[in-house]
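Observations on the three-dimensional arrangement
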2 protein chains.
Amino acid sequence: MGEMVVRVDHLAEERRKAQFDVSAMKVAWAGSRRELEISDRMARIVASDPVFRKDNRAMLGRKELFKNTLKKAEHAWRRIIELHLTEEEASKLRAAVDEPCYMDLHWGMFIPAIKGQGTDEQQKKWLPLAKKMQIIGCYAQTELGHGSNVQGLETSATFDLKSDEFVIHSPTLSSSKWWPGGLGKISTHAVVYARLITNGEDHGVHGFIVQLRSLDDHSPLPGITIGDIGTKFGNGAYNTMDNGVLQFDNVRIPRDQMLMRISQVTRDGKYMVSNVPRHLVYGTMVFVRQSIVQDASIALSRAVCIAVRYSAVRRQFGSQKGGLESQVIDYKTQQSRLLPLLASAYAFRFVGEWLKWLYTDVTQRLQANDFSTLPEAHACTAGLKSLTTSVTANGIEECRKLCGGHGYLCSSGLPELFAVYVPTCTYEGDNNVMLLQVARFLMKTVSSLASGKPPVGTASYFARAQHLMQCNCEVHNADDWLKPSVILEAFEARAARMAIACAKNISKISDLEEGFSEFSIDLVDVAVAHCQLIVVSKFIEKLKQDIPGNGVKEVLQVLCCVYALSLLHKHSGDFLSTGCINPKQASLANEQLRSLYSQVRPNAVALVDSFNYTDHYLNSTLGRYDGNVYPTLYEEAWKDPLNDTVVPDGYQEYIRPLLKQQLTSRATRL
Amino acid sequence: MGEMVVRVDHLAEERRKAQFDVSAMKVAWAGSRRELEISDRMARIVASDPVFRKDNRAMLGRKELFKNTLKKAEHAWRRIIELHLTEEEASKLRAAVDEPCYMDLHWGMFIPAIKGQGTDEQQKKWLPLAKKMQIIGCYAQTELGHGSNVQGLETSATFDLKSDEFVIHSPTLSSSKWWPGGLGKISTHAVVYARLITNGEDHGVHGFIVQLRSLDDHSPLPGITIGDIGTKFGNGAYNTMDNGVLQFDNVRIPRDQMLMRISQVTRDGKYMVSNVPRHLVYGTMVFVRQSIVQDASIALSRAVCIAVRYSAVRRQFGSQKGGLESQVIDYKTQQSRLLPLLASAYAFRFVGEWLKWLYTDVTQRLQANDFSTLPEAHACTAGLKSLTTSVTANGIEECRKLCGGHGYLCSSGLPELFAVYVPTCTYEGDNNVMLLQVARFLMKTVSSLASGKPPVGTASYFARAQHLMQCNCEVHNADDWLKPSVILEAFEARAARMAIACAKNISKISDLEEGFSEFSIDLVDVAVAHCQLIVVSKFIEKLKQDIPGNGVKEVLQVLCCVYALSLLHKHSGDFLSTGCINPKQASLANEQLRSLYSQVRPNAVALVDSFNYTDHYLNSTLGRYDGNVYPTLYEEAWKDPLNDTVVPDGYQEYIRPLLKQQLTSRATRL
């Protein structure tokens with residue numbers, strides 16, 4: 001949208017209506033005053049720098065788009081150095097630039113892989129090069145024919161005793177590395193995952209540092225075929241990233257480029273496993289997935305911010321005698337679709353905050369050789385990754401639809417947000433595969449109840465399974481649904497009953513795996529019920545803490561109930577079929593929900609202001625802070641390349657002959 | 001994907017498994033042997049003509065893309081003339097070209113508007129010009145600030161008695177025409193909707209034929225500001241269309257360019273309404289919406305075709321001792337997401353077929369001045385438009401996710417299919433607004449039950465309301481759920497009970513409009529229940545007819561049950577809370593559903609082959625008929641513009657300085 005003269009605030013009236021302290025809510029959302037300050041400062045640096053302009057992104061061709069991204073990445077790095085930013089600040093600045101690029105993989109995957117899997121010596125050699133960006137790395141794991149199943153990878157790394165080297169090779173087309181970001185056109189190095197073979201023996205998949213391109217002229221090294229895998233969903237979106245294809249034709253690397261922290265190959269070709277616990281790998285997974293949950297709350301809140309503001313600006317129908325039409329946000333049907341998403345954004349934010357704590361806890365335990373909570377923590381993060389990203393992907397598209405026709409324009413910001421977000425549902429663990437892992441953990445939890453082993457953490461409600469199987473919901477009027485204990489017990493009972501019923505069904509089938517397969521559809525439902533319970537319970541826990549600011553806790557309490565009761569409505573089949581609630585109670589929940597929507601309504605705009613997003617970050621004609629939507633839409637339209645000329649290219653060849661009835665058949669013209 | 005040497009059929013084994021006659025199913029899908037023959041012939045003409053190539057669409061910049069579309073449109077028109085195609089054939093050929101362009105609006109909206117609203121004289125003057133394409137027209141209704149609410153339009157057409165002209169004017173920014181397809185760069189004429197003002201009196205919105213551009217050099221006529229509204233969601237997709245913005249600065253047109261079939265302005269400025277029934281407008285709506293339902297089944301079946309074939313090709317996990325991994329389509333969780341969509345595609349096809357009949361019936365009745373069925377037919381088409389397009393939009397995205405990571409590549413065909421489809425949920429009646437209209441119709445139906453007026457058509461089950469309010473579901477074992485009568489009664493009881501409960505709630509509020517508003521969320525659910533019942537019942541009716549071909553009817557019966565029972569599972573909260581079924585019966589439905597999935601499984605590939613789509617039409621690396629997915633993905637990747645050079649543009653400026661630690665601060669360099 002570029003710079004603009006400050007105009008009237010069309011949403012001022014909405015902001016006056018708010019019943020809480022927005023600046024205090026900003027702190028609650030950011031996590032702390034300090035985090036708010038850093039995010040805010042980084043966002044402003046980016047927003048005020050014309051190099052980081054992104055409103056033209058959807059109109060650029062792939063090459064132009066990509067080059068522009070390289071420019072931004074270089075400029076961001078330059079600013080990070082000039083401003084002496086800390087690692088935390090640098091990472092927030094990159095997030096504010098809001099454009100996927102090779103840097104994400106370099107900092108987010110390549111460096112952590114070396115840190116996690118490299119020996120001290122390897123770290124000493126490679127990390128300084130990487131941190132100064134003398135080399136650029138990516139993470140080459142998935143293959144054309146192999147995604148989620150890492151054990152199915154085909155790329156081989158065969159140890160050659162004579163030369164003390166590994167020979168990296170792609171034996172088939174389906175073994176081509178495929179998808180790694182930053183690989184296609186930019187990375188000079190990669191951590192490559194390949195089957196380690198020594199003396200003809202296959203030791204499974206291991207990581208290797210492989211140089212891909214010349215550091216002098218960037219040309220691919222001998223034996224390496226490399227390129228981009230092609231255009232992806234959306235305008236701009238992930239097309240700023242060079243997801244790549246890579247094939248090895250017997251490429252040789254020195255033995256010391258196998259990442260050897262966990263297992264080694266010695267000079268004489270012996271394979272040895274070190275005493276570093278493999279569990280560390282799960283610690284990394286917990287870290288990556290908790291950050292995905294954080295990002296889900298950001299992406300969802302961004303879409304909700306746009307949709308809430310535009311719903312307050314937009315008017316339609318219901319005009320009384322030639323007066324203004326009604327604000328769209330005043331329609332109950334709009335509220336019932338929009339406000340649960342607003343509540344979800346807050347819910348995900350708080351569960352993400354808790355996951356940060358969980359990660360710290362797991363790390364400390366791992367260091368003390370305590371692996372007892374790891375399966376629970378792993379299931380919990382896998383499940384929340386799946387739940388929050390699925391809801392966010394669908395939620396962004398729902399917000400787009402809630403903006404009516406104009407949401408379909410790229411200038412609304414929503415199409416690009418959707419297209420850039422959706423891969424999150426597939427990468428770092430396909431969401432469906434994740435839910436099945438959670439379900440397996442729950443089935444194990446259920447089956448070990450008899451053994452007296454107490455369930456831990458987010459699964460500890462199973463210790464009260466006996467009570468939960470027979471408790472009665474204590475709701476007699478709509479206001480009973482405002483009690484956190486009532487909500488919590490309903491969600492616990494639902495999850496426990498579904499899990500135990502499913503375990504019973506599976507136990508009837510003699511072969512356990514066959515049982516899992518036969519009831520996998522039910523297992524997915526069980527996992528979802530469990531994960532929703534986690535989010536609800538962490539929201540409730542959050543509200544037990546001190547949250548400063550006038551009216552802040554009160555409005556969050558309303559949002560918490562909206563989150564829980566809208567889920568209860570959506571999944572009423574679960575609650576009713578397990579007898580956790582009766583039809584009358586379901587109907588009282590709906591009644592309460594309608595009333596809660598009315599309570600959120602006056603706070604809606606202030607609740608999205610609390611996300612503290614700049615207009616640059618939102619990049620949306622519809623979501624502007626000042627609500628000045630229509631003139632902006634109009635101005636943006638004229639920037640489209642099709643408007644470069646009044647008469648379009650192609651008129652002379654393809655339109656005029658039509659109009660003038662001068663179509664000659666091609667045969668004649670040839 | 002261009003031409004390719006015929007290779008092995010990787011899906012041959014799948015095709016051998018089929019238990020029905022595919023060629024007979026093709027006829028059942030197409031509606032008749034004749035329709036199959038025409039579609040097939042048109043699809044082949046398009047697929048074999050290199051001008052209609054579309055595999056490069058996602059990589060083109062907007063201008064290049066648009067020019068290419070103009071070329072295709074001109075070429076299609078040329079072929080239509082050369083081959084002396086009938087109107088039906090021509091329309092199927094354009095559909096096979098599969099690229100939105102100005103022709104759609106010219107043939108689909110401009111010409112029908114003149115036919116429907118023009119006097120005989122006006123038709124005689126304008127239709128020959130339009131049909132020969134000596135003029136190109138579009139349909140300029142929606143405005144920047146006004147979408148669904150046609151009565152809120154602001155553009156004015158003021159009669160000037162002195163000159164016998166109308167003065168067309170855009171009084172505000174928000175009155176700019178906005179969205180009309182074909183308007184931005186191509187149309188020479190438009191049917192413009194504007195408030196008719198004579199003698200200072202506002203007669204509401206009427207249609208006017210307005211010339212926009214010079215027929216000599218295509219430049220906009222004086223007083224007309226016109227352009228494209230900018231880039232839309234997706235690569236290719238609807239960016240081939242010049243959706244436009246248009247402003248009038250006191251543009252004058254002769255009086256006889258007001259479309260005067262329904263109302264006239266005389267030479268002396270008198271406004272008169274003719275005796276042609278206004279109901280005709282609803283007839284047109286019924287027509288447009290039934291064709292949208294047809295298109296929904298096509299778009300959904302196309303996505304399902306890609307996802308089913310690729311799910312049969314793709315293997316993941318579950319390999320036994322180094323053998324092949326399992327086909328993804330064999331996983332129950334994949335089946336539970338994919339097969340209900342396959343069933344929905346067939347269900348929508350058949351309900352679309354029935355809607356064609358309904359349109360004929362309505363038209364005949366209108367001609368006989370019988371308006372009795374019009375409200376029911378209108379509600380029915382509005383509701384089915386909403387239901388089928390929402391399911392289709394979500395279903396395409398679900399199919400994309402079911403293809404894993406590769407579904408995110410444009411070459412899968414799914415991102416573009418989604419992006420080009422989603423506006424259907426908004427245009428021709430926003431889906432949510434449509435459902436509220438249906439709900440109002442249902443509330444009226446309920447309230448007139450007491451009056452003894454019998455409900456008609458798809459609402460006639462309300463005549464049995466008393467029975468439906470108290471009937472008990474007769475399901476005792478899983479096989480009882482295979483009985484059409486049992487399914488039908490459950491769906492009827494659910495819809496009736498929800499509608500009647502809602503009507504009761506509304507009646508408690510003294511102001512009817514307030515009641516509608518307060519319970520609008522429930523009203524939407526009522527409308528959905530009613531519409532799902534229609535689809536289920538029309539599928540069941542279809543199966544009572546003769547359907548030739550070995551095994552054809554049998555497999556359709558299985559699909560019909562999959563459709564109904566998967567809905568019952570998804571909405572079990574409705575069925576349980578209204579007491580239409582009990583928890584045990586819900587669980588038996590799920591059991592039956594699992595067994596039905598196994599019955600569909602061997603027929604899945606043959607069921608999508610029956611859609612008879614060419615590889616050109618699918619335009620998908622993953623959905624190829626021969627299942628040769630991975631080599632095709634690999635070949636396609638190299639065609640991306642980023643692969644034009646080995647070292648990417650931008651390396652010298654933005655990558656090399658990084659690697660060589662030669663970042664000089666901008667300040668120094670300036």
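Throughout this description, residue numbers start from 1 for each chain and increase along the sequence as written. In the order they appear in the text, chains get letters beginning with A and ligands get numbers beginning with 1. Owing to the predicted nature of the model, reporting of local features is limited to residues with pLDDT of at least 70; listing and counting of side-chain atom pairs is limited to 80 or more, with chain, interface and lining totals taken over all residues. Heavy atoms from the whole structure form the basis of all side-chain values; hydrogens and water molecules are not counted.

Here we come to the pattern of salt bridges. Put simply, a salt bridge is a Lys or Arg side-chain nitrogen that is within 4 Å of an Asp or Glu carboxyl oxygen. Within this structure, the stated rule accounts for 99 salt bridges over all chains. Between Lys-538 of chain A and Glu-541 of chain A there is a salt bridge, with its nearest N and O atoms 3.3 Å apart. Placement of the pair is Lys-538 of chain A and Glu-541 of chain A together in helix H16 (residues 520–544), with a separation of three residues, close to one helical turn. For every residue, the accessible area (1.4 Å probe, protein chains only) is compared with the maximum for its type, and the residue is labelled buried under 20%, exposed over 50%, or partly exposed between those bounds. Note on Lys-538 of chain A: relative accessible area 11%, which makes it buried. Shared partners join several salt bridges into a network, and the residues in it are Lys-54, Arg-57, Lys-72, Asp-98, Glu-99, Arg-302 and Glu-416 of chain B. We count a stretch as a helix when DSSP gives it H or I for four or more residues in a row; a strand needs E for two or more, and each element gets its number in order from the N terminus.

A few words now on the nonpolar core. Working definition of a nonpolar core: buried Ala, Val, Leu, Ile, Met, Phe, Trp, Tyr and Cys residues. They are joined through side-chain atoms within 4.5 Å. With 356 residues, the main nonpolar core has Tyr-346 and Trp-481 of chain A together with Tyr-102, Tyr-346 and Trp-481 of chain B as its most contacted residues. In what follows, residue pairs with any heavy atoms lying within 4.5 Å of each other are defined as contacts. In contact with Tyr-346 of chain A, not counting residues within four places along its chain, are Met-25, Trp-29, Phe-539, Leu-556, Leu-559, Leu-607, Ser-610 and Phe-611 of chain A. In this structure, Val-46, Ala-76, Ala-96 and Ile-136 of chain A belong to the second largest nonpolar core, which totals 43 residues.

All names here are of chain A. Per the UniProt record, the feature "active site" (unreviewed entry) sits at Glu-428. Looking at the element boundaries, Glu-428 is found in the loop between helix H11 (414–421) and helix H12 (431–447). Judged by relative accessible area, Glu-428 falls into the partly exposed class, the value being 30%. Ignoring any residue separated from it by four or fewer positions in sequence, one finds Glu-428 in contact with Met-109, Val-288, Arg-289, Ile-292, Lys-385 and Met-434. UniProt positions are given in the numbering used here, feature names are shortened, and annotations may be inferred rather than shown by experiment.

Attention shifts here to the side chain of Thr-632 of chain B. Residues and elements named next belong to chain B. With respect to the helices and strands, Thr-632 occurs in helix H22 (residues 629–637). The exposure class assigned to Thr-632 is buried, which follows from its relative accessible area of 0%. Looking at Thr-632, its side chain comes within polar contact range of the main-chain oxygen of Asn-628, at 2.5 Å. As used in this structure description, the phrase polar contact means that two N or O atoms lie within 3.5 Å; if the pair is within protein, one of them must be able to donate a hydrogen and the other to accept it, and residues adjacent in sequence are counted only when both atoms belong to side chains.

Bringing the confidence of the model for chain A into the picture now. Looking at any residue, its pLDDT shows the predictor's confidence there, from 0 to 100. In the predicted model, chain A carries a mean pLDDT of 94, and 97% of its residues have values of at least 70. In the predicted assembly, ipTM is 0.96 and pTM is 0.96.

Residue and element names in this part refer to chain A. Strand pairing follows a simple DSSP-based rule, namely that at least 2 bridges must link the two strands. Pairing is antiparallel in the open sheet, where three strands are placed in the order E4-E8-E7. For this open sheet the edge positions go to strand E4 (177–178) and strand E7 (224–228), each flanked by a neighbour on one side alone. Summarising the sheet, E7 and strand E8 (residues 244–248) pair through five bridges and their orientation is antiparallel. Across the sheet, residue Ile-226 finds its bridge partner in E8, namely Leu-246.

So, about the pairing of strand E5 (residues 189–198) of chain A. Residues and elements named next belong to chain A. Counting buried residues along E5, 10 of its 10 residues qualify, which places the element largely inside the surrounding structure. Strand direction decides the pairing type here: strand E1 (residues 137–140) and E5, joined by four bridges, are parallel. Bridging from a neighbouring strand, Ala-140 pairs with Val-192 of E5. In the sheet, strand E2 (residues 156–160) pairs with E5 via three bridges, with the strands oriented parallel. Across the sheet, Ala-157 pairs through a bridge with Leu-196, a residue of E5. Here E5 pairs with strand E6 (residues 201–211) via nine bridges, running antiparallel. Residue Val-191 lies in a different strand from E6, and its bridge partner there is Ile-209. Hairpin remark: E5 followed by E6, antiparallel, with two residues in the connecting loop; positive phi at Asn-199, about 50°.

To continue, consider the interface of chain A and chain B. Contact residues are listed per partner, giving 130 residues for chain A and 131 residues for chain B. Two parts placed together each lose some accessible area under a 1.4 Å probe, and the buried area is that loss summed for both. Counting each side, the surface lost to burial between chain A and chain B is near 11600 Å², with a carbon and sulfur contribution of 62%. Contact with chain B buries area across many residues of chain A, yet Phe-233, Tyr-408 and Leu-642 of chain A alone supply 7% of it, more than any other trio. Taken together, the links from chain A to chain B amount to 14 salt bridges. At the boundary of chain A and chain B, one finds 44 residue pairs in polar contact (both at pLDDT 80 or more). Looking at the side of chain A that touches chain B, its residues break down into 58 nonpolar, 40 polar and 32 charged. Three classes are used, and their members are as follows: Ala, Val, Leu, Ile, Met, Phe, Trp, Tyr, Cys and Pro are nonpolar, Asp, Glu, Lys and Arg are charged, and the others, Gly among them, are polar.

This next bit is on the relation of the copies chain A and chain B. Least squares is the method used to superpose the copies, on C-alpha atoms of residues holding a pLDDT of at least 70 in both. With an axial shift of 0.0 Å and an RMSD of 0.0 Å, the rotation relating chain A to chain B amounts to 180°. Between the two chains, the operation in question is that of a two-fold axis. It is Gly-573 of chain A whose C-alpha, among those of chain A, lies nearest the rotation axis, at 1.8 Å. A shared interface surface links the copies, since 100% of the contact residues of chain A are contact residues in chain B too.

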